[in-house]
Structure formats: C-alpha cells, structure tokens
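Chains, contacts and geometry: an overview
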Amino acid sequence: MTDDLGKALASTVRAAREVRGLTVAALADVSGVSRAMISKVEHGEAQPTAALLAKLSVALGLTLSELIARAEGTAGQVARRDEQQVWTDPETGYTRRAVSPPGSTALELVEVELPPGAEVAYPAQAYRFISHQIWVLSGHLRFVEGEQVHELDVGDCLQLGPPADCVYVNATAAPCRYLVVLDKHGRPR
C-alpha cells in the first residue's frame, strides 16, 4: 500500500465512522477491533491487515473494496487495469485488485492473488449483507466455509452459503489467483 493510500484510508475509516455517528468505542464494540487499533488506523500509525479492514468495513456497512475505493477517491464507467486499485495485505502478502469501476453498481469484481502458503481468514459478519462467489483463475484454493472445506481448481466456481467464518488457504508452492464476485443486493435464496 502506498503512503498516500494509507493516509487516505485512515481518513476514510474515520470519516465513515463519523458519518454513521459512531465513536471509536462504538465501532470497536460493533467490529470486534480494539479501540487502540482503530485509533492507530485512523491516525495512519498502523498498516491494517485484510482481516482487520474486513471487520471495520462490515461494521461500517461497506465492502473492503468500497472502503479502498473511497480512499482512492475515483469513480467512472471504465476501470483501466493500470488505474485499478491494488492493495497488499501486510501480514500475508496477498494482493487484491478492485476490477470493477469504484461505486459503479451493486455488483463488484475483485481479483485476488494468494501467495504460496498464505491463509486469510474472514469472520462470518463479513458475508452478512452480500452474495459471494469465488472463481479460480489459476492454482489451487482451499476454501474453508464454517465446517465445510472446498478444494477448488482452475475453472471451479463456488457460491457461498449462509454467512460463516471463512478461510482462504493456498497450501501449494505456487500462487493462486481467483476472482471474487460480490452482489451487494443481498444474500442468495
């Protein structure tokens, strides 16, 4: 993440919290993130991980991509590849590219590359207001959805069920690339 994006992300989290009339303590209660960590994120003193940003974005009623797009401050009909926002998780090294034009529709496309040996966990609350599909583009992905384990290869597409704690796992020696499709209109029937 660039320094400029880090600063913009800090002010975006703070602004989203304030617009919703939440104190740092209230956001901590809703998100499960400590007040100290929220304060560090809002002041640009900590580089947040994907898991932490996911908790904050859900508590703020946003997807992770929406939060990053707001920080970037771009909008339009076309999202050129060289202008698409790319974010790298400082903990795992996984990269997340916002493919869809920021704020364009309720449908959102996100390309992810998960490095060999990496795992990224998301709490069930991250999936509570979206329908979510994963399409594997290269490599192998183990996706743990609650108690269920899905082994996904190139071309496989998974529709997530009801919200559950989830973990993306790349247990191989090669990167795994996949597309996440989010429908923010709601859960599947």
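A brief structural summary. Given the structure is predicted, the values throughout are model-derived calculations rather than measurements.

1. Observations concerning the sheet that holds strand S3 (residues 107-114)
In space, the six strands of this open sheet follow the order S1-S2-S3-S10-S5-S8, with antiparallel pairing throughout. The sheet terminates laterally at strand S1 (86-88) and strand S8 (157-159), the two strands that pair on one side only. Each adjacent strand pair in this sheet contributes to an overall mean axis angle of 20°, direction not counted.

2. Observations concerning the pattern of salt bridges
When the charged atoms of two side chains lie near each other, side chains of opposite charge can form a pair. Overall, the coordinates contain six salt bridges when judged by the stated rule. In this structure, arginine 17 and glutamate 42 form a salt bridge, with 2.6 Å as the shortest nitrogen-oxygen distance. Of this pair, arginine 17 sits in helix H1 (residues 3-19) while glutamate 42 sits in helix H3 (residues 35-42), placing them 25 residues apart in sequence. Salt-bridge contacts for glutamate 151 lead to arginine 142; the nearest nitrogen and oxygen are separated by 2.7 Å.

3. Describing the nonpolar core
If you look at the biggest cluster of nonpolar residues, it comprises 47 residues, and the most contacted ones within it are Tyr94, Leu114, Tyr122, Leu141, Phe143, Tyr168 and Tyr178. If one sorts the elements of this core by residue count, helix H4 (residues 50-59) sits on top with seven residues. Discounting chain neighbours no more than four positions away, the residues touching phenylalanine 143 are Tyr127, Ile134, Gln148, Val149, His150, Leu152, Leu158, Leu160, Cys166, Val167 and Tyr168.

4. A short note on the pairing of strand S2 (residues 95-98)
Taken together, the three bridges between S1 and S2 define a ladder with antiparallel strand orientation. When the sheet's bridge partners are listed, valine 86 is paired in S2 with arginine 97. Once S1 ends, the chain turns through six residues before running back antiparallel as S2, passing glycine 93 with a positive phi of about 80°. The pairing of S2 with S3 spans four bridges and is classified as antiparallel. When the sheet's bridge partners are listed, arginine 96 is paired in S3 with valine 112.

5. Overview of the packing of aromatic side chains
Enumeration over the complete set of coordinates arrives at four aromatic pairs. When the ring of tryptophan 87 is compared with that of tyrosine 94, the centres are 6.2 Å apart and the planes differ by 85°; the resulting orientation is edge-to-face. For tryptophan 87, a relative accessible area of 0% corresponds to the buried category. The exposure class of tyrosine 94 is buried, given its relative accessible area of 2%. Each ring, one from tyrosine 122 and one from tyrosine 168, has its centre 5.9 Å from the other, and the planes form 85°; the classification is edge-to-face. Of this pair, tyrosine 122 sits in strand S4 (residues 119-122) while tyrosine 168 sits in strand S9 (residues 166-169); the two residues are 46 residues apart in sequence, bridging distant segments of the chain.

About the thresholds
- Residues numbered from 1 in each chain as written.
- Predicted model: local features only at pLDDT ≥ 70, side-chain atom pairs only at ≥ 80, totals over all residues.
- Heavy atoms only, no water.
- Pairing = 2+ DSSP bridges.
- Helix = DSSP H or I, 4+ residues; strand = E, 2+ residues; numbered from the N terminus.
- Axes fitted to C-alpha atoms, helices over the stretch in contact; angles between N-to-C directions.
- Salt bridge = Lys/Arg side-chain N within 4 Å of Asp/Glu carboxyl O.
- Core = buried A, V, L, I, M, F, W, Y, C linked by side-chain atoms within 4.5 Å.
- Buried < 20%, exposed > 50% of the residue type's maximum accessible area, 1.4 Å probe, protein only.
- Contact = heavy atoms within 4.5 Å.
- Phe/Tyr/Trp six-rings, centres within 6.5 Å; stacked < 30°, edge-to-face > 60°.

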